Amino acid sequence: MARHVLERLDATMRHAIVESGSHVGDEIVVARREHLLELLEHVRDDPALDFKMLTDLTVVDYLGQVPRFEVVYQLYSLGHKHRLRVKVRVDEEPAECWVPSATGLWKAANWAEREAWDLYGVRFEGHPDLRRILMYDEFVGFPLRKDYPQNGRQPLVRRPDAPSTDDQTTRLLERSHDRRISG
Amino acid sequence: MAENFVPTVLQDAINWAQKYSLFTYPFATACCAMEFMATMGGRYDIARFGAEFPRFSPRQADLLIVIGTITERQAPVLRRVYDQMIDPKWVMAFGVCASTGGFYQNYTVTPGADQVIPVDVYVPGCPPRPEQVLDGLMALQRRIQDHRGHVQREIGATATVTLRDRRHLPILQDGTSMTLEPHERMPKDGRVR
Amino acid sequence: MTVEPVDLRRRQAGELPLSPSLQAFADEAERLPTEEVIVNMGPSHPAMHGTVRVVLRIDGETIRDADVQIGYLHRGFEKECENATYHQIFPYVDRLNYVSPMLNNVGFAMAVEKLLGIGERIPQRAEYIRVIVGELARVCDHVTCVVASLAELGGFTAFFYGIRAREHLWELLEDVSGARLTHSYCRVGGVAWDLTADFIPKCRRKIAEVRKLVTDVRRLVERNRIFLDRMEGVGVLSAEDAISYGITGPCLRACGVAYDVRKDKTYSVYDHFDFDVPIADGGDNLARYLVRIEEIEQSFRIVEQALVQIPPGPVIVDDPTIALPAKREVYNSIEGMIAHFKHIVDGLVVPPGEAYSFTEAGNGELGFYIVSDGTGRPYKCRCRPPCFYTTAALRQMIVGANIADVVPIFGSINMIGGECDR
């Protein structure tokens, strides 16, 4: 639907692209990580492309494939009204599980990258403040990875089945649970 | 000692006054807050039951309405707010997420507010209709009159006796009473709590 | 000694010189030692929009720095979706932007339809029903946002009028879908069932009632000095910043940028209607309020045209591999029962691939990025939440403002916890 975007990128940024194509009307470009920022800056600043808005940034976990993670950028141009999806694959090894941060290009990347780090564990080098955003700081692990159990709760507050302390609310809680069962 | 006190006319009168003048603390988190707004509105009018005055300070409220999903991140906050409330206090779990976790069974949702605080009335529904909420409120009012709320049973007779008995207990015990130690937090097998 | 009337606005803006004694006092105050204090707002707070925590570093009443912390309503939408069939995801999607659930339903259904490639096969009646119910949901969203902000400013009367208006619309939506708030009315390929027999005249009556109530709310506040002082010039966001933050919807249109998905990349039957996209300039709270109020009127325009144009016909695509069979067939024929069984157990089988589909929701461009692995459950179902990116800009909007401005600004960006945190 916006073939001219792919053609323009093929003409100017071929060294940065692994493959490109269309699927159900969406233009997709798979980029090389070492040229990713260059590509993103080019698509933002080139007047024919003019992708001034980063609408979304997310990660897909292809557990079992190598490389495992795919960082996906959805871009939109307000001027030309065309869209592009830029993807880059990274491996799960901690030394390799990173991409350069796009916070210098779009302010939207700030929180979106924090969320990707929080839920998938992909680091964004150069991010000014990479910390958890949706989960709490005491959480261990990356919940949206396919190997994290769906029910893997990490509670913060004492529950009735946890070791009891001399705390009146906990005693009240235990008693309320007993009453719930016995009526 | 508190469970088998003799109900007096004075205690009945105090309970009658308390049940018809509940100051609510709407601990609103999610979609059920929309239905709470509707219950407060003119059509379903919670003010008929005396409970129209939301006090957004736990020190001034006696009915904590847990409206919506409680996530693991929100649970310590809920616990702290409950601990800050002064006796006598009651809790209504508004919605099925606050009652049992709803249809969210995952790493982040606490399966019910009653995992962290004692709940007196559960109003299931996703979200519950305002008529259901008012039915729950009336059930709570019956409980208050019968002196069967969780906190009421503990404190027994009138509030003046309570304060004298429990003045030595601190309300908050930071670091020891509420939060788990780091080694207690990560479940080894990720099983449902 | 004559006393001249003082222009209070200019005095407050600091444009008038102070009297000598007051000037001396101000100079003395500048030299006093002060400390910046860290104050926490939330996550349990009276502001009715979403559960968020803002940690403020303040100097007196002025905010020097803020840390907006979200995630208190993170309910694991994506993780749940990975283990649910496409039919089962509709209730989860309802609870994203829970003030306008129908728009989320439509957005998700369109994303699955894009992957299936059945965009053209959806019956016209279903498209019209989606538009009508979606626009009514948009009105609910804007009315709730506006009157909740007014309640936070202290205008409780407007709040109760707005709740009454919303009750009218919820009655309509309950007739059609069975639930007041979380409808789950959309299905992949159409909608679940047809409108009720008296929907069209009832809808016209309700629209008239809601218009009256919204007009009353406007009359209460739009010439009110307190309202204007607290909303005008407060929470300013420039158009360049809004675009850089990825903000869409009323917040972007209030900065003067004319981007509405319904016009720029028309979907469904929006090109059959004559409606405008309101834009304001200023990028402040008042601009966002005015854009929302005007969008309510435009939504009613769309609904009235749709009520006239809606054709008769089926309300879901006629394909047993996509639509659940009618109950009559399920109970009376073996093919119906087997089709039903396969839908419920295996789910709606979608060919492998990925798609990003976007619609105009109450807060802006609501996108769904679905990756399918060829089974009846999505491999990944990501919701692109419009108010996540708007809330990211909150810090910039409140730094430099007063503490009292935090609540009106937060109210005007319409951060819905279910959508922002998912």
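Note that this is a predicted model, so its numbers are computed, not measured. (Residues numbered from 1 in each chain as written. Chains lettered and ligands numbered in written order. Predicted model: local features only at pLDDT ≥ 70, side-chain atom pairs only at ≥ 80, totals over all residues.)

Undergrad: Please clarify how the overall build of chain C should be interpreted in this entry.
TA: A count of helical and extended segments in chain C gives 19 helices and 8 strands. Taken over C-alpha atoms, the radius of gyration comes to 24 Å for chain C, in line with the 22 Å a tight globule of 422 residues would show. Judged by the C-alpha coordinates and their principal axes, chain C covers about 95 × 45 × 35 Å. A buried classification covers 53% of the 422 residues belonging to chain C. (Helix = DSSP H or I, 4+ residues; strand = E, 2+ residues; numbered from the N terminus. Rg over C-alpha atoms; globule rule 2.2 N^0.38 Å. Buried ≥ 20, exposed ≤ 12 C-beta atoms within 10 Å, placed from the backbone.)

Undergrad: For this particular structure, what's the right way to read the sheet that holds strand β8 (residues 378-384) of chain C?
TA: Strand pairing in a sheet is mediated by backbone hydrogen bonds. Such pairs are either parallel or antiparallel. Residues and elements named next belong to chain C. Read across the sheet, 3 strands follow the order β6-β7-β8 without closing on themselves; strand pairing throughout is antiparallel. Either end of the sheet is taken by a strand with one partner, and the two such strands are β6 (353-361) and β8. Neighbouring strand axes in the sheet, compared pairwise and without regard to direction, differ in orientation by 15° on average. In this structure, β6 lies alongside strand β7 (residues 364-372), joined through 9 bridges in antiparallel fashion. For alanine 355, the partnering residue across the bridge sits in β7 and is isoleucine 370. (Pairing = 2+ DSSP bridges. Axes fitted to C-alpha atoms, helices over the stretch in contact; angles between N-to-C directions.)

Undergrad: Would you mind showing me how to read the packing of helix α2 (residues 32-40) of chain B against helix α5 (residues 130-145) of chain B here?
TA: If you want to describe how two helices pack, look at the angle between their axes and the distance between the axes. All names here are of chain B. Where α2 contacts α5, the two axes come as close as 9 Å, and the packing angle between them is 75°. Judged by the inter-axis angle, α2 sits roughly perpendicular to α5. Contacts between α2 and α5 involve Glu35, Ala38 and Thr39 from the former and Pro130, Val133 and Leu134 from the latter. Of the residues belonging to the contact of α2 with α5, the class tally is 4 nonpolar, 1 polar and 1 charged. (Parallel < 35°, antiparallel > 145°, perpendicular 65-115°, else oblique. Contact = placed C-beta atoms within 7 Å. Nonpolar A, V, L, I, M, F, W, Y, C, P; charged D, E, K, R; others polar.)

Undergrad: Help me understand the confidence of the model for chain C in this model?
TA: Reading predicted coordinates in detail is not appropriate for stretches of low pLDDT. In this model, chain C carries an average pLDDT of 91, and 96% of its residues clear a pLDDT of 70 or more. Here the complex is predicted with pTM 0.89, and the ipTM for its interfaces comes to 0.90. (pLDDT = per-residue confidence, 0-100.)

Undergrad: Got a minute to help me understand the interface of chain C and chain A in this structure?
TA: When the parts of a complex come together, some accessible area is lost, and that lost area is often used as the size of the interface. Opposite the 33 residues of chain C that make contact, chain A presents 25 residues. Mapped onto the side of chain C that touches chain A, the elements with two or more residues apiece are α3 (77-82), α5 (101-116), α10 (239-244), β6, β7, β8 and α16 (386-392) of chain C. Here the side of chain C that touches chain A is built from residues that sort into 13 nonpolar, 8 polar and 12 charged.

Undergrad: Please clarify how the pairing of strand β3 (residues 63-67) of chain B should be interpreted in this entry.
TA: Each regular strand shows side chains that alternate between the opposite faces of the sheet. Residues and elements named next belong to chain B. Within β3, 5 of the 5 residues are buried, which leaves it mostly tucked inside the rest of the structure. In terms of strand pairing, strand β1 (residues 23-28) meets β3 through 5 bridges, oriented parallel. If you follow threonine 24 over to β3, its bridge partner there is leucine 63. Here β3 pairs with strand β4 (residues 90-94) via 5 bridges, running parallel. Note that in β4 the partner of leucine 64 across the bridge is valine 91. The parallel pair β3 and β4 is bridged by helix α3 (residues 75-84), and the resulting crossover is right-handed. (Right-handed = clockwise from strand over helix to strand, strands pointing away.)

Undergrad: Would you mind going over the nonpolar core with me for this structure?
TA: Ranked by size, the top nonpolar core spans 228 residues in total, and within it B:Val66 and B:Phe94 carry the most contacts. The dominant element in this core, judged by the number of residues it contributes, is helix α6 (residues 124-153) of chain C, at 18 residues. Each of domain 1 (3-152) and domain 2 (154-183) of chain A accounts for three or more of the residues forming this core. In contact with B:Val66, other than residues within four places in its own chain, are B:Phe27, B:Leu78, B:Val91, B:Ala93, B:Phe94, B:Ala98 and B:Ala113. (Core = buried A, V, L, I, M, F, W, Y, C linked by C-beta atoms within 7 Å. Domains from an automatic or database assignment.)

Undergrad: Looking at this model, I keep getting lost on unusual backbone geometry. Mind explaining?
TA: Only a minority of non-glycine residues have a phi that is not negative, and only a minority of peptide bonds are not trans. The residue after A:Val66, namely A:Pro67, is reached through a cis peptide bond having omega 0°. Here the amide bond leading from B:Asp87 into B:Pro88 is cis, since omega sits at -10°, within 30 degrees of zero. Following the sequence through the fold, B:Pro88 ends up in the loop between α3 and β4. With a phi close to 55°, A:Asp50 is a non-glycine residue in the positive phi region. Even without glycine at this site, A:Lys81 takes up a positive phi of about 60°. Among the structural elements, A:Lys81 can be located in the loop between β4 (69-76) and β5 (83-90).

Undergrad: I tried to follow the pairing of β4(B) on my own but got confused; where do I start?
TA: All names here are of chain B. Most of β4 sits out of view: 5 of its 5 residues are buried. Relative to strand β5 (residues 121-123), β4 is paired through 3 bridges, and the arrangement is parallel. Across the sheet, the residue bridging to alanine 93 is tyrosine 122, located in β5.

Undergrad: What is the right way to look at the sheet that holds strand β1 (residues 37-41) of chain C in this model?
TA: Residue and element names in this part refer to chain C. The strand order across the open sheet formed by 3 strands is β1-β2-β3, and the pairing between neighbours is antiparallel. Strand pairing shows two members of the sheet lacking a second neighbour, β1 and β3 (62-69), which therefore form its edges. Pairwise comparison of adjacent strand axes, ignoring direction, gives a mean angle of 20° for this sheet.

Undergrad: Could you clarify how one ought to interpret the environment of A:His80 in this entry?
TA: Residue and element names in this part refer to chain A. Along the chain, histidine 80 turns up in the loop between β4 and β5. Classification of histidine 80 by C-beta neighbours within 10 Å gives partly exposed; the count is 16. For histidine 80 and cysteine 97, which are 17 residues apart along the polypeptide, the C-alpha to C-alpha distance reads 34 Å.

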